[in-house]
Amino acid sequence: MKKDYKIKIENVVASTQIGENIDLNKIAKEVKDAEYKPKQFPGLVLRTKEPKAAALIFRSGKVVCTGSKSVEDANRAVRQVVKIISELGIPVILEPEVKVQNIVASADLGVDLNLNAIAIGLGLENIEYEPEQFPGLVYRLDKPRVVVLIFGSGKMVVTGGKNPEDAVKAVERIAEELSALGLM
Amino acid sequence: RLRKWQRRIRISNATERNLAFALSELDRMASALGLPKSVRETAAVIYRKAVDKNLIRGRSIEGVVAAALYAACRQAGVPRTLDEIATYSRVDRKEIGRTYRFIARELGLKLMPTSPADYVPRFCAALGLSGDVQKKAIEIIKKAEEKELTSGRGPTGVAAAAIYIASILGGERRTQREVAEVAGVTEVTIRNRYKELAERLGIEIIL
DNA sequence: ATCTTACTTTAGAAAGC
DNA sequence: GCTTTAAAAAGTAAGAT
C-alpha cells in the first residue's frame, strides 16, 4: 500500500511569447488593475482572479506567468491575458506555446524528523542545514533535478521541477532513503 | 616578455596587498569579538584556502573574512552568532551567511549545526551564573536533543530557554529579559522554547 | 500576553542596470 | 548581483492591541 504523502502543487511558473513590441504603456492606461513601473522593473504586472495568477508582460512580447496551482491553470491564465491584450487592439498570438519553468510542491511524510540525524545520514556534503538561518534542511537531488526543503515536522517543499511527476519522484526517493537509513 | 614579468609583479603585489588587508581585517574583528589566537589562525587558514580556490570572485574580501571567522568559531566549539559577527563587519548578516554556506561547501568544511550547548558557557558567564547552573542547562539541552525537540529551532533560542530554566532550578533566577539580551533573541522566543522544554521534559517550574 | 504582518530559504523566467 | 511575481514549509521578529 502506497503511502499518502499529500503531494500538492502550490505554484507553477511558466513562460511564453505572445507577440512583439508590445505597447506596455497602452496596457497600463487601459487596464485598470495593471501595474507598470518601468523605472523599477521592465515588466508590466497583470493579475487574473480565476484562476488566480500573476503575469509579467514585457515589451518584447515575452510573458512570465506565476501563481497557478496547476499546469492547466497556468495555460488558462495565459489565455486570459492574451485575450485581454488582444481586445485592446494590440496584435498578439492567440494560442502561444506555454513552457513550464518551475513547479513548487508541498508534501508530508507524516512523521516528525530528526534533522541532525538526517544531515549525517544523507551526508554533510549533500545537504545544507543551518537552523540559525532557516529551519529547513536543504537537499539537492540529481535524479529528478530538484531541491527539497525538509522540516522537522516531516513536511517538505519540492521546487525546481518542470513536471508534476518530478515532485512525486523526489518525495518517493527521499522516503526510501530515509527509511533505508532508519530515520523515518 | 618584460611586460609579462611586470604583470606578474603587479598581480603578486595586489595579491599581497589583499592578503594583508584581509589579515588585518581578521585581526580587528577577532579582537573586537574577544576571540583567542587559535581561532584567528584557523580563520586565516580557511581564508587562504578560499583564496587558493578562487572563491573570492564576485565576493568582498570582508565578506569572506567574516564568513571564515564564523566558520572558525564553530569549528573551535566557541560559536558566535551571525548577528555578533555582523556587528563588527561592514558586511550584513545575510551576506555573511550565504558566503559561509558557499565556502563551507566548496572547501568541504563538514560542520554540523551548532549545538545550543556550545553557547551555554559564554551566555552563563555574561549572566554571572554559577558552574552549577551551567551544568544544569547543558543537561537540559542534551535531553532536549535526545528527545528530538531541537530540529529546526535556532540554537541560541534553545540555549536561552535552557539557561532560563536552569537559573530558576538552581536558585539563581534571571529574568527572560536578561537572558534574551545576552542570547540575542526575543523574550517571546524564550517563552515559546522554555514552555516546550518544560512540558516535554517533565520539568516543574515554579515562578 | 497574543495577534498580525513580515522576513529568512528554495527554483525559474523575463529586460536592464 | 539586483529589481518583480507567486507559493509552501517553520522559526523568529517587530509593532500593535
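Rules of the game
Residues numbered from 1 in each chain as written. Chains lettered and ligands numbered in written order. Predicted model: local features only at pLDDT ≥ 70, side-chain atom pairs only at ≥ 80, totals over all residues. Heavy atoms only, no water. UniProt positions renumbered as here; feature names shortened; annotations may be inferred. Helix = DSSP H or I, 4+ residues; strand = E, 2+ residues; numbered from the N terminus. Buried < 20%, exposed > 50% of the residue type's maximum accessible area, 1.4 Å probe, protein only. Contact = heavy atoms within 4.5 Å. Areas by Shrake-Rupley, 256 points an atom, 1.4 Å probe, with all protein chains shown as cover. Lys, Arg positive; Asp, Glu negative; His and termini not counted. Charge placed at Lys NZ, Arg CZ, Asp CG, Glu CD. Phe/Tyr/Trp six-rings, centres within 6.5 Å; stacked < 30°, edge-to-face > 60°. Lys NZ or Arg CZ within 6 Å of the ring centre and 35° of its normal. Pairing = 2+ DSSP bridges. Patch = residues over 30% accessible without salt bridge, like charges linked within 9 Å, V, L, I, M, F, W, Y side chains within 5 Å. Salt bridge = Lys/Arg side-chain N within 4 Å of Asp/Glu carboxyl O. Polar contact = N/O pair within 3.5 Å; in protein donor to acceptor, adjacent residues only side chain to side chain. Nonpolar A, V, L, I, M, F, W, Y, C, P; charged D, E, K, R; others polar. Near = heavy atom within 4 Å. Domains from an automatic or database assignment. Axes fitted to C-alpha atoms, helices over the stretch in contact; angles between N-to-C directions. Parallel < 35°, antiparallel > 145°, perpendicular 65-115°, else oblique. Left-handed = near helix turned anticlockwise from the far one by under 90°.

- By the naming in an unreviewed UniProt entry, chain A goes by TATA-box-binding protein and is assigned to Archaeoglobus veneficus.
- Regarding chain A, the UniProt comment filed under Function (unreviewed entry) reads as follows: "General factor that plays a role in the activation of archaeal genes transcribed by RNA polymerase. Binds specifically to the TATA box promoter element which lies close to the position of transcription initiation."
- Recorded in UniProt under Sequence similarities (unreviewed entry), the annotation for chain A is "Belongs to the TBP family."

### Some details on the overall build of chain B
Working step 1: Looking only at helices and strands, chain B has 10 helices and zero strands in total.
Working step 2: Mapped in sequence order, the helices and strands of chain B form the string α-α-α-α-α-α-α-α-α-α.
Working step 3: Along the longest, intermediate and shortest principal axes, the C-alpha atoms of chain B span 80 × 30 × 25 Å.
Working step 4: Expressed as a percentage of the 207 residues in chain B, the buried residues total 46%.
Working step 5: In chain B, the share of contacts with a sequence separation of at least 24, taken over all contacts with a separation of at least 6, comes to 73%.
Working step 6: If you sum the accessible surface of chain B, you get close to 11000 Å²; carbon and sulfur atoms cover 49% of it.
Working step 7: Distance from the positive charge centre (38 side chains) to the negative charge centre (24 side chains) of chain B: 10 Å.

### Looking at the packing of aromatic side chains
Residue and element names in this part refer to chain B.
Working step 1: By the definition in use, this model includes five aromatic pairs over all chains.
Working step 2: Ring plane angle 65° and centroid distance 5.0 Å describe the contact between Y164 and Y194, whose orientation is recorded as edge-to-face. Separated by 30 residues along the polypeptide, Y164 in helix α8 (residues 155-169) and Y194 in helix α10 (residues 187-201) bring together distant segments of the chain. Take Y164 and Y194: they sit in the same class, and that class is buried.
Working step 3: When the ring centre of F102 is taken as reference, the NZ or CZ atom of R59 above it lies at 3.7 Å.

### So, the pairing of strand β4 (residues 62-68) of chain A
Residues and elements named next belong to chain A.
Working step 1: Sheet topology places strand β1 (residues 8-17) next to β4; five bridges connect them, and they run antiparallel. Counted as the bridge partner of Q17 is K62 from β4.
Working step 2: Bridge count for strand β3 (residues 53-57) against β4 is four bridges, and the pairing is antiparallel. Bridge pairing links A55 to C65 in β4.
Working step 3: Counting the residues in the hairpin turn of β3 and β4 gives four residues, including G61, whose phi is positive at 100°.

### Things to note about a nonpolar patch on the surface
Working step 1: Taken together, L2(B), W5(B) and I9(B) make up a surface patch of nonpolar side chains, about 350 Å² in accessible area.
Working step 2: One can find W5(B) in helix α1 (residues 2-32).

### A short note on the interface of chain B and chain A
Working step 1: Between chain B and chain A, the residue contacts involve 22 residues of the former and 17 residues of the latter.
Working step 2: Applying the counting rule to chain B against chain A returns one salt bridge.
Working step 3: The shortest N-O distance in the salt bridge between E130(A) and R74(B) comes to 2.5 Å.
Working step 4: Remark: the boundary between chain B and chain A carries nine residue pairs in polar contact (both at pLDDT 80 or more).
Working step 5: Of all the elements, helix α5 (residues 93-106) of chain B adds the most residues to the side of chain B that touches chain A, at six residues.
Working step 6: Per-class residue counts for the side of chain B that touches chain A are eight nonpolar, six polar and eight charged.

### Overview of the protein's contact with DNA strand D
Working step 1: DNA strand D sits among 30 residues. The nearest are R47(A), S153(A), R98(B), R153(B) and T189(B).
Working step 2: The sugar-phosphate share of atoms of DNA strand D within 4 Å of the protein amounts to 74%.
Working step 3: Contact distances for DNA strand D include 2.8 Å between a base nitrogen and a side-chain N or O atom of N11(A).
Working step 4: A distance of 3.1 Å is found between a phosphate oxygen of DNA strand D and a backbone nitrogen or oxygen belonging to T186(B).

### Brief notes about the domain arrangement of chain A
Working step 1: Here chain A is described as being made up of domain 1 (14-100) and domain 2 (109-181).
Working step 2: Between domain 1 of chain A and domain 2 of chain A, the C-alpha centre-to-centre distance is 34 Å.

### What to know about the protein's contact with DNA strand C
Working step 1: In the vicinity of DNA strand C, 21 residues are found, and the nearest of them are V13(A), R59(A), S60(A), N102(A) and R140(A).
Working step 2: Each atom of DNA strand C within 4 Å of the protein was classed as base or backbone; sugar and phosphate made up 64%.
Working step 3: In the environment of DNA strand C, a phosphate oxygen lies 2.5 Å from a nitrogen or oxygen atom belonging to the side chain of S60(A).
Working step 4: Residue R191(B) places a side-chain N or O atom 3.1 Å away from a phosphate oxygen belonging to DNA strand C.
Working step 5: Those elements giving two or more residues to the surface near DNA strand C turn out to be β4, β5 (99-108), β8 (147-150) and β9 (155-161) of chain A together with α5 of chain B.
Working step 6: Per-element accounting of the surface near DNA strand C gives the leading share, three residues, to β5(A).
Working step 7: Its residues assigned to classes, the surface near DNA strand C shows 10 nonpolar, five polar and six charged.

### A short note on the packing of α8(B) against α10(B)
All names here are of chain B.
Working step 1: With their axes 8 Å apart at the nearest point, α8 and α10 run at an angle of 65° to one another. Here α10 runs roughly perpendicular to α8, going by the angle between their axes. For the pair α8 and α10, the sense of crossing is right-handed. Counted together, G157, V158, A160, A161, A162, Y164 and I165 of α8 and T189, I190, R193, Y194, L197 and A198 of α10 form the full contact between these two elements.

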